Every structure is written in C-alpha cells, then in structure tokens.
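Overview (structure and organization)
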Amino acid sequence: MTPQAKLIFSSSLILGTTITISSNHWITAWAGLEINTLAILPLIAKSHHPRAIEAATKYFLTQATASALLLFSAMMNAWYTGQWDITQLTHPTACLILTSALAMKLGLAPFHFWFPEVLQGSPLTTALLLSTLMKFPPMTLLFMTSPSLNPTLLTYMAILSTALGGWMGLNQTQIRKILAFSSISHLGWMAIIVSYHPKLTLLNFYLYSLITATVFLTLNTIKTSKLSTLMTTWTKTPALSTMLLLTLLSLAGLPPFTGFLPKWLIIQELTKQSMAPAATMISLLSLLSLFFYLRLAYCATITLPPHTTNHMKQWHASKPTPSAIAILTTTSTMLLPISPLILTTV
C-alpha cells in the first residue's frame, strides 16, 4: 500500500471518528460511522491474503448490519417523538434496537462472533485500530444514550461478555484471537456500569486502549503473533519481553498496576448500587481471562524454548526499545498511585 493511500485512509478514520463523537444528530453520527467502516476495510485487506479478504468481508457485513439497525432505531424514535437528537432517545423499542446495534458495533456478546475472526485476519497495527480507535465512536454513542438504555439488559449482556471472553480465550494459541477475547471480556466491564456511572465506562475504555496499544505495539516490534514464537523472543529482546509481562499483568487487572484501577472503581460503584451479586459474578468470571494473560506472560518471559524447537534461533538484537513503547509501558503499569488525581476527572 502506497504512503498516499495510507494517509488518505488514516485521515478518513480520524475524520469519521471526529464526526461521530462531536455530533448531536443521528444522521451525522451514522455518517461518521460509515466513513470509519469504509476507511478501515482497505487496511484490513491490504495483504491480499484469503484470510484478510475474509476478515474484511465479515467486518463489512456486520458493520453494515449494525449501521442499518442504528439508523432504523433513530428513525423509529424520530417517528414517535419527532426528535433526531441523540440524547432524546426515549422510545423503548428504539432503545432496544440501538442496544443491539451498538453491541454489534463494539463486539459485545451475544454479537461478538465477528470480532476474533476479523482480528485474526488483520495485521497487528490494523488489529490495534480495530480494538481501540474503531470502538471509540460507538462507545461515545453508548455514553450519550446511557440514561435511556435498559440497565438490566446491559447487565446480562455484560456478564455474558465477560464469561464468553474468558471461556473462549482459554484454548487459543493465536495471540490476536486471545487479545480479541480479552477485548470482549473488558467490554463486559464497561457495559455493566454505563447506566450507573457513564464516566467510569469512558475511563475504563481509555485505560484499556492505553494498555492494549502497548501490548500490540510490543508484539509488532518483536514480530510475534503465535504463542510458539513468543517463547523464543526472550533471547532476542529481553527488555521488551519484560515490558510485555508487566503490561499483560496490568491488562489482567492485578494490583498494583494501572489496570486494577477501573475494576476497583467499577466494583465499588456496583456495590453502592446494591448490585453486589453482579459485582461478585463479573469478578469471578474475570479470573478466566486472568488464566490466559498469565499463560501469555509465562510464554513471553519464563519459558525457554527447547533445543529441539522447529523455529530458527533468535539472535539478540542490539536495537534500543522504541521510546513510544517505553512511555506507554510506564503509563500502563504505574498510574495507580495517582488514582486520586484521575478520580477528580470522573
């Protein structure tokens, strides 16, 4: 892909995201989502591999369906109430259809089926965009319409997402699929709190995006996409492997890392809302995800490859760690001590 094409698609992604997050009217929000979808498709399919073409096709079909549902719910609400304003969504059927549309856009269970397949067929940099930037516009719409949505339905969808994200990621050997199921599990944490404390959902999303960006950029630097090749990277880049270990533990939500902060705040808020059983259930289900994060961390740092390995021996690289990864790793592991400062923004 030529640099000019990459520039056009990247600027279209930024434009589509900006249009959606700054709009008050359903039509402009829908137009921004469509620009985003059309801009990311060439980036998914740029390798021309059959798996990449399949991923782009699956992505296009699911996103087109979700966009049609979103437009349908907006039209239904406008038909009954005469309002096209995003915050004025009041008709119950329109709210239900919108919940389904945004769940499909985000990859929230039970509409998660497309996400692991699309991520597996995409390059690591495009997979990073799909996991973070592409979820920002629908997350903004979820934030703006949160007072109108059904909290019970969102709670059930959130618990199902956390369960499926943890359970289906257990037997995966492809790192992109593991990170896709990790994303589905994290979306459950965001969805369960959006009706009660929407700003907490956005905080969770920002921190999740930060930590996931660190993981994807590290994997892209060491050119690893399978567990079997991750085992051989310690001899080549010990510093990056150590950073990956810390970032994965942060993504799992273990204290004293940054990833613990949103989980701690969400459990606290759920308890205040008399939802202790839901908080207990979602905490226990996140232990499933913890297993595959620990397995990734174990493969990255503790396991040395056997002498009979089929892979070529990796030479120790003398190249320094990219400064962007160093900064991202620091922020994605060490923000917990300044949590009082972060809480002033929530």
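Please read these numbers as outputs of a predicted model, since none were measured by experiment.

**Re the UniProt feature "transmembrane region" (unreviewed entry) in the chain**
The positions that UniProt labels "transmembrane region" (unreviewed entry) are, in the present scheme, residues 7–23, 59–79, 91–115, 153–171, 203–222, 243–261, 281–304 and 324–343. Across residues 59–79, helical content stands at 100% and strand content at 0%; the span's end C-alpha atoms are separated by 30 Å.

**What about the packing of helix α7 (residues 136–145) against helix α10 (residues 198–221)?**
For the pair α7 and α10, interaxial distance at closest approach is 10 Å and the crossing angle is 165 degrees. In terms of orientation, α7 lies roughly antiparallel with respect to α10. Here the hand of the crossing between α7 and α10 comes out right-handed. Contacts between α7 and α10 involve Phe-136, Met-139 and Phe-143 from the former and Pro-198, Lys-199, Thr-201, Leu-202, Phe-205 and Tyr-206 from the latter.

**Points about the nonpolar core**
In this structure, Tyr-59, Leu-130, Ile-192 and Leu-230 are the most contacted members of the largest nonpolar core, which totals 99 residues. Counting residues per element, this core draws most heavily on helix α9 (residues 175–193), at 12 residues. There are two domains that each give this core at least three residues, and those are domain 1 (1–137) and domain 2 (149–306 + 321–345).

**Topic: the packing of helix α5 (residues 114–121) against α9**
Think of two packed helices as two axes; the pair is described by the angle between the axes and how far apart they sit. Running from amino to carboxyl end, α5 crosses α9 at an angle of 145 degrees, the nearest separation of the two axes being 8 Å. Both α5 and α9 take part in a crossing whose hand is right-handed. Between α5 and α9, the contacting residues are Phe-115, Pro-116, Glu-117, Leu-119 and Gln-120 on the first element and Arg-176, Lys-177, Leu-179, Ala-180, Phe-181, Ser-183 and Ile-184 on the second. A class-by-class count of the residues in the contact of α5 with α9 yields 7 nonpolar, 2 polar and 3 charged.

**Some details on the confidence of the model for the chain**
When pLDDT is low, close inspection of the predicted coordinates is not appropriate. In this model, the chain carries an average pLDDT of 91, and 95% of its residues clear a pLDDT of 70 or more. Ranking the helices and strands of the chain by mean pLDDT puts α7 first, with 96, and helix α16 (residues 339–343) last, with 84.

**Thoughts on a nonpolar patch on the surface**
Together, Leu-38, Phe-60 and Leu-61 make up a nonpolar patch on the protein surface, roughly 300 Å² of accessible area in all. Inspection of the secondary structure assignment puts Leu-61 in helix α3 (residues 50–81).

**Regarding α5**
Among the 8 residues in α5, 7 count as buried, and that is most of the element. Looking at α5, one finds that the buried residues are Trp-114, Phe-115, Pro-116, Val-118, Leu-119, Gln-120 and Gly-121.

**Observations concerning the side chain of Thr-301**
Tracing the sequence through the fold places Thr-301 in helix α14 (residues 276–302). The class of Thr-301 is buried, set by a relative accessible area of 14%. Among the polar contacts made by the side chain of Thr-301, one reaches the main-chain carbonyl oxygen of Ala-297 at a distance of 2.8 Å. The residues contacting Thr-301, other than those within four sequence positions of it, are Trp-234, Ser-241, Thr-242 and Leu-245.

**So, the domain arrangement of the chain**
Domain assignment breaks the chain into domain 1 (1–137) and domain 2 (149–306 + 321–345). For domain 1 and domain 2, the distance between their C-alpha centroids amounts to 23 Å. If you look at the interface, domain 1 gives 27 residues, while domain 2 gives 30 residues. Summed over both sides, the interface of domain 1 with domain 2 buries roughly 2,400 Å², with 78% coming from carbon and sulfur. The largest per-residue losses of area from domain 1 upon contact with domain 2 belong to Leu-108, Gln-120 and Leu-124, which jointly make up 27% of the total buried on that side. Counting the contacts that link domain 1 with domain 2 gives 5 residue pairs in polar contact (both at pLDDT 80 or more). Within the residue set of the side of domain 1 that touches domain 2, elements represented by two or more residues are α4 (92–106), α5 and α6 (124–131). With 6 residues, α4 is the largest single contributor of residues to the side of domain 1 that touches domain 2. Looking at the side of domain 1 that touches domain 2, its residues break down into 17 nonpolar, 8 polar and 2 charged.

**A look at unusual backbone geometry**
Following Ala-109, the chain continues to Pro-110 via a peptide bond in cis, the omega torsion being 5 degrees. Positionally, Pro-110 belongs in the loop between α4 and α5. The omega angle of the peptide bond from Pro-255 to Pro-256 is 10 degrees, so this bond is cis rather than trans. Note on placement: Pro-256 falls in the loop between α12 (238–251) and α13 (260–272). One non-glycine residue, His-48, lies in positive phi territory at about 60 degrees. Of note in the backbone geometry, Lys-223 takes a positive phi value of approximately 55 degrees without being a glycine. If you trace the backbone, Lys-223 turns up in the loop between α10 and α11 (227–230).

The rules we used
- The written sequence of each chain sets the order in which its residues are numbered from 1.
- For this predicted model, a pLDDT threshold of at least 70 governs which residues receive local features, and a threshold of 80 or more governs which side-chain atom pairs are given and counted, while totals over whole chains, interfaces and linings are taken from all residues.
- Only hydrogens and water are set aside when side-chain values are computed; all heavy atoms of the structure are taken into account.
- UniProt positions are given in the numbering used here, feature names are shortened, and annotations may be inferred rather than shown by experiment.
- Helix and strand definitions follow DSSP, with helices as H or I runs of at least four residues and strands as E runs of at least two, each counted in order from the N terminus.
- Convention adopted: a line fitted to C-alpha atoms gives each axis, helices being fitted over their contacting stretch, and angles between N-to-C directions are expressed from 0 to 180 degrees.
- For classification purposes, an angle smaller than 35 degrees is called roughly parallel, one larger than 145 roughly antiparallel, one from 65 to 115 roughly perpendicular, and anything else oblique.
- For any helix crossing, the convention is left-handed if the near helix is rotated counterclockwise from the far helix by under a right angle, and right-handed if that rotation is clockwise.
- We call two residues in contact whenever any of their non-hydrogen atoms come within 4.5 Å of each other.
- Here the nonpolar core consists of buried residues drawn from Ala, Val, Leu, Ile, Met, Phe, Trp, Tyr and Cys, with membership extended through side-chain atoms lying within 4.5 Å.
- Between buried and exposed lies partly exposed: a residue is buried under 20% and exposed over 50% of the maximum accessible area for its type, with that area taken using a 1.4 Å probe on protein chains only.
- Per the annotation, domain bounds derive from an automatic or database assignment of domains.
- In the scheme used here, Gly and all other residues not listed as nonpolar or charged are polar, with Ala, Val, Leu, Ile, Met, Phe, Trp, Tyr, Cys and Pro taken as nonpolar and Asp, Glu, Lys and Arg as charged.
- What pLDDT expresses is the predictor's confidence in each residue, scored from 0 to 100.
- Patch criteria: residues need more than 30% relative accessible area and no salt bridge. Like-charged residues are merged within 9 Å; nonpolar side chains of Val, Leu, Ile, Met, Phe, Trp and Tyr are merged within 5 Å.
- Values of accessible area rely on a 1.4 Å probe in the Shrake-Rupley scheme; residue burial ignores everything except the protein chains shown.
- By salt bridge we mean one thing: a side-chain nitrogen of Lys or Arg within 4 Å of a carboxyl oxygen of Asp or Glu.
- Within 3.5 Å is the distance limit for a polar contact, defined as a pair of N or O atoms, with the added protein rule that one can donate a hydrogen and the other accept it, and that residues adjacent in sequence qualify only through two side-chain atoms.
- What counts as buried area is the accessible surface, traced by a 1.4 Å probe, that two parts surrender upon association, with contributions from both included.

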